[in-house]
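A structural walkthrough
If you want the building blocks of each chain, they are given just below.
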Amino acid sequence: MDYPNYTHERNYGCRLTEYVYKGLKTITLENEIIRVTILIDKGTDIIEFLHKPTDTDFMWRSPLGVRNPNNFVPTIPRNEGAFLDYYEGGWQECMPTGGNAATYKGVNFGPHGEVCLIPWEYTVLENSPERISVKFWVRTYRTPFLLEKVMSMDRYKGILTINEKICNEGEENLELVWGHHPAFGRPFLDKSVVIDLAGATVKTVDTGSNSRTKIGKGFEWPMVPGKDGSMIDLSKVPEENVRSHDLAFLTNLKEGWYSITNTSKSVGFGMVWPLKIFKSLWFWQVYGGSMGQPWYGRTFNIALEPWTTPNSTINEAIKEGTHVVLKSRKTISLEFKAVAHSGFKRVTKIDPEGRVYGDA
């Protein structure tokens with residue numbers, strides 16, 4: 001008889017490790033190809049997505065490091081919310097609002113909503129050398145949402161499969177914004193990195209004096225005009241000495257996938273998802289140019305984020321009609337995959353099963 005909630009302490013095949021890291025419940029899922037570490041007590045943040053054959057961790061680690069909200073006390077609360085005080089990099093789940101602080105139905109929300117800072121519950125669903133599967137769930141504090149997430153991996157595959165479901169447990173219809181915020185950094189990220197996707201329309205915004213892109217919309221990926229009159233290829237990562245900081249929103253996606261590939265190492269990370277849910281990508285680009293608190297010019301990272309909307313708050317999404325309406329007692333669900341790949345210089349497609357195609 002198999003006991004799925006018992007952690008088999010294997011050192012081969014698919015396996016998981018449950019432990020406490022800096023006072024936070026943490027779990028690591030791994031097989032022969034990838035290792036994924038999840039902070040259960042902090043939003044189920046993924047702080048490690050390691051391609052084991054090349055020892056390449058795709059996730060960005062911010063200078064702040066992992067901070068436990070239970071024992072780290074800021075000198076004064078941030079007006080816009082606590083997200084940046086605890087942002088260790090990595091990959092966050094974001095809902096029911098987007099990137100900036102917002103007020104919805106008279107309630108204040110910090111950046112990236114509720115679920116990215118609070119503890120989740122979890123249980124092991126499957127635990128064998130051939131396959132592991134763990135369920136996580138959380139109820140939001142200021143809204144009546146239940147978010148459930150199952151992460152799974154199979155032996156010999158560099159694929160993390162994520163199945164998610166949001167239920168509105170309230171007795172009224174509610175609007176929401178939903179997205180994933182994976183950020184990528186050194187040593188994976190360098191000037192050899194290229195970004196591939198099937199095609200999109202690009203809107204650029206001004207992030208301040210170090211923004212290198214000209215404000216505008218309707219540009220065809222990957223080329224956008226720069227402030228200096230040049231054309232900028234967003235699919236290519238520049239050197240850190242450009243000292244730039246930019247944000248772009250990608251819509252009209254031709255297909256729901258992207259790949260980020262380090263061409264010098266021929267190793268990369270990709271995602272594939274259903275466009276009916278995540279209809280846009282947010283592209284955060286920090287090439288040494290994010291000045292002031294908390295980064296002070298110290299960071300070199302990007303984030304390529306699937307979202308339900310190209311608007312950074314629930315209020316903007318409602319105004320533009322890009323929000324999701326979830327009726328009382330109804331659910332929405334999706335399956336998507338995160339993929340580690342190797343042997344490619346450029347990727348031409350990632351199919352819904354996580355298979356990667358491209359040029360060696």
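Our structure is the block above this text.
Residues numbered from 1 in each chain as written. Predicted model: local features only at pLDDT ≥ 70, side-chain atom pairs only at ≥ 80, totals over all residues. Heavy atoms only, no water.

Digging into the pairing of strand β4 (residues 45-51)
Within β4, seven of the seven residues are buried, leaving the element largely enclosed by the surrounding structure. As judged from the six bridges shared by strand β3 (residues 34-39) and β4, these two strands associate in the antiparallel manner. Across the sheet, Ile34 pairs through a bridge with His51, a residue of β4. Counting the residues between successive antiparallel strands, the hairpin from β3 to β4 contains five residues, one of them, Gly43, with a positive phi of roughly 70 degrees. As paired strands, β4 and strand β5 (residues 56-57) are joined by two bridges and run antiparallel to one another. Counted as the bridge partner of Leu50 is Asp57 from β5. Hairpin connection between β4 and β5: a loop of four residues separates the two successive antiparallel strands, and Asp55 in this loop has a positive phi of roughly 55 degrees. (Buried < 20%, exposed > 50% of the residue type's maximum accessible area, 1.4 Å probe, protein only. Helix = DSSP H or I, 4+ residues; strand = E, 2+ residues; numbered from the N terminus. Pairing = 2+ DSSP bridges.)

Some words on the pattern of salt bridges
Per the stated rule, a full pass over the model turns up 25 salt bridges. Here Asp154 and Arg131 are joined by a salt bridge, their closest N and O atoms 2.8 Å apart. One end of the pair, Asp154, is in strand β11 (residues 145-154); the other, Arg131, is in strand β10 (residues 131-139), and 23 residues separate them in sequence. According to the relative accessible area criterion, Arg131 is partly exposed, its value standing at 27%. Across the pair Asp206 and Lys227 runs a salt bridge whose closest N-O atoms are separated by 3.6 Å. (Salt bridge = Lys/Arg side-chain N within 4 Å of Asp/Glu carboxyl O.)

Some details on the sheet that holds strand β22 (residues 267-272)
Read across the sheet, eight strands follow the order β9-β10-β11-β12-β26-β22-β21-β15 without closing on themselves; strand pairing throughout is antiparallel. With partners counted over all chains shown, the strands left at the sheet margins are β9 (121-127) and β15 (193-197), one partner each. Across the sheet, the mean angle from the axis of one strand to that of its neighbour is 15 degrees, orientation sign disregarded. Pairing between β15 and strand β21 (residues 257-262): five bridges, direction antiparallel. For Leu197, the partnering residue across the bridge sits in β21 and is Tyr258. (Axes fitted to C-alpha atoms, helices over the stretch in contact; angles between N-to-C directions.)

Examining the packing of aromatic side chains
In total, this model carries 21 aromatic pairs according to the counting rule given. Taking 3.9 Å as the distance between ring centres and 10 degrees as the angle between the ring planes, the aromatic pair formed by Trp282 and Trp307 counts as stacked. With a gap of 25 residues between them, Trp282 in strand β23 (residues 280-287) and Trp307 in strand β24 (residues 300-307) connect regions that are remote in the sequence. A single burial state applies to Trp282 and to Trp307, both of which are buried. (Phe/Tyr/Trp six-rings, centres within 6.5 Å; stacked < 30°, edge-to-face > 60°.)

A word on the nonpolar core
What tends to happen in soluble globular proteins is that the nonpolar side chains get buried as a cluster. Counting residues in hydrophobic clusters, the biggest one holds 81 residues, and the most contacted among them are Phe49, Trp91, Trp178, Leu250, Tyr258 and Phe283. The element best represented in this core is strand β26 (residues 331-342), accounting for five residues. If near-sequence neighbours (up to four positions away) are discounted, Tyr258 is found in contact with Pro182, Phe184, Asp196, Leu197, Phe269, Gly270, Met271, Trp273, Leu281, Leu304 and Ile350. Counting residues in hydrophobic clusters, the runner-up holds 10 residues, among them Phe83, Tyr87, Trp284 and Val286. (Core = buried A, V, L, I, M, F, W, Y, C linked by side-chain atoms within 4.5 Å. Contact = heavy atoms within 4.5 Å.)

Quick notes on the environment of Thr204
You can see Thr204 is positioned in strand β16 (residues 201-205). Thr204 sits in the buried class, given a relative accessible area of 2%. With 10 residues separating them along the chain, Thr204 and Lys214 place their C-alpha atoms 6.9 Å apart. Look past the residues within four positions of Thr204 in its chain and what remains in contact with it is Thr213, Lys214, Ile215, Gly216, Phe219, Val224, Leu247 and Ala248. A distance of 2.5 Å separates a polar atom in the side chain of Thr204 from the backbone oxygen of Lys214. (Polar contact = N/O pair within 3.5 Å; in protein donor to acceptor, adjacent residues only side chain to side chain.)

Observations concerning the side chain of Ser192
Considering the arrangement of structural elements, one finds Ser192 in the loop between β14 (179-185) and β15. For Ser192, a relative accessible area of 17% puts it in the buried group. Here Asp190 takes part through its side chain, which lies 2.6 Å from a polar atom of the side chain of Ser192. A polar atom in the side chain of Ser192 sits 3.1 Å from the side chain of Asn262. Sequence-distant contacts of Ser192, defined by excluding residues within four places in its chain, comprise Thr261, Asn262, Thr263 and Ser264.

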